[in-house]
Amino acid sequence: YDTAYWLSWHIYQSGMALLFGFFIWVFGMIFQFRMFHKNDFGVVFLTFWLFGQAMVGFGFFVSTFLSRAAQAVTSGFVVFLIGFILYFLIVFASMPFGGSYAAPMAYELNITSGNYTKKTNGDPALGPILSALPPTLFIQSIADMGRFTAADTAQGIRFSEADTAQGIRFSEAD
């Protein structure tokens, strides 16, 4: 009976994450936010929906350590504080990814050789550890979507260019 209980909650929460992801996109379009207009619908929607899915799983994981409902408020506040701190670390200090691009996509041009190389100013141990927390990758993806739409001439992120970032083909960069 535990399986039916957890499965029913997961289906419900997944449906709510789907609705929230869609409504966030709708309201972003209504309020004319650049990030929602210039990036593909699928990129924006999947970012919010997958973050919701990750938080559902993370919430189920954290709930296994709680014995009383009152502990949920405290643990929820702690998760919020961790996410808040991660926001400032990722957006303003470029930690743990070491650049202005997403984790595996932090490449820079070596002007002497003309090749793209992976940036080395990120912490190689901290990145994978913090990536296990759903807010880390969500904050980085929102920051990237904002960066790719900041200029008036920016095109945003397209699914057709999923294997590139600003014209860099990662298969050729390694």
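This is a predicted model, so every value here is computed, not measured.

Caption draft 1: Summary view of the overall build of the protein. The helix and strand tally for the protein stands at 7 helices and 4 strands. For the protein, the N- to C-terminal ordering of α and β elements is α-α-α-α-β-β-α-α-β-β-α. For the protein, with 174 residues in total, the buried portion stands at 30%. A separation threshold of at least 6 residues defines the contact pool for the protein, and within that pool the share at least 24 residues apart is 64%.

Caption draft 2: How the structure looks around the packing of aromatic side chains. Enumeration according to the criterion identifies 18 aromatic pairs in this entry. Judged by centre distance (6.3 Å) and plane angle (20°), the ring pair of phenylalanine 27 and phenylalanine 31 falls under stacked. On the basis of relative accessibility, which here comes to 54%, the residue phenylalanine 31 falls in the exposed class. For the ring pair phenylalanine 31 and phenylalanine 33, a centre distance of 6.2 Å and an interplane angle of 40° mean the geometry is tilted. Given a relative accessible area of 46%, phenylalanine 33 falls into the partly exposed group.

Caption draft 3: Local environment of the confidence of the model for the protein. Within the protein, residue pLDDT values average 81, and 76% of them lie at 70 or more. Here helix 7 (residues 170-173) stands out as the element of the protein with the lowest mean pLDDT, 46, in contrast to helix 1 (residues 2-30), whose mean of 94 is the highest. Across residues 100-105, confidence stays below pLDDT 50; counting only partners more than four residues off in sequence or on other chains, it has 19 contacts. In this model, residues 170-174 is a region of pLDDT below 50 whose contacts with residues beyond four sequence positions or in other chains number 9 contacts.

The rules behind the values
- Residues numbered from 1 in each chain as written.
- Predicted model: local features only at pLDDT ≥ 70, side-chain atom pairs only at ≥ 80, totals over all residues.
- Heavy atoms only, no water.
- Helix = DSSP H or I, 4+ residues; strand = E, 2+ residues; numbered from the N terminus.
- Buried < 20%, exposed > 50% of the residue type's maximum accessible area, 1.4 Å probe, protein only.
- Contact = heavy atoms within 4.5 Å.
- Phe/Tyr/Trp six-rings, centres within 6.5 Å; stacked < 30°, edge-to-face > 60°.
- pLDDT = per-residue confidence, 0-100.

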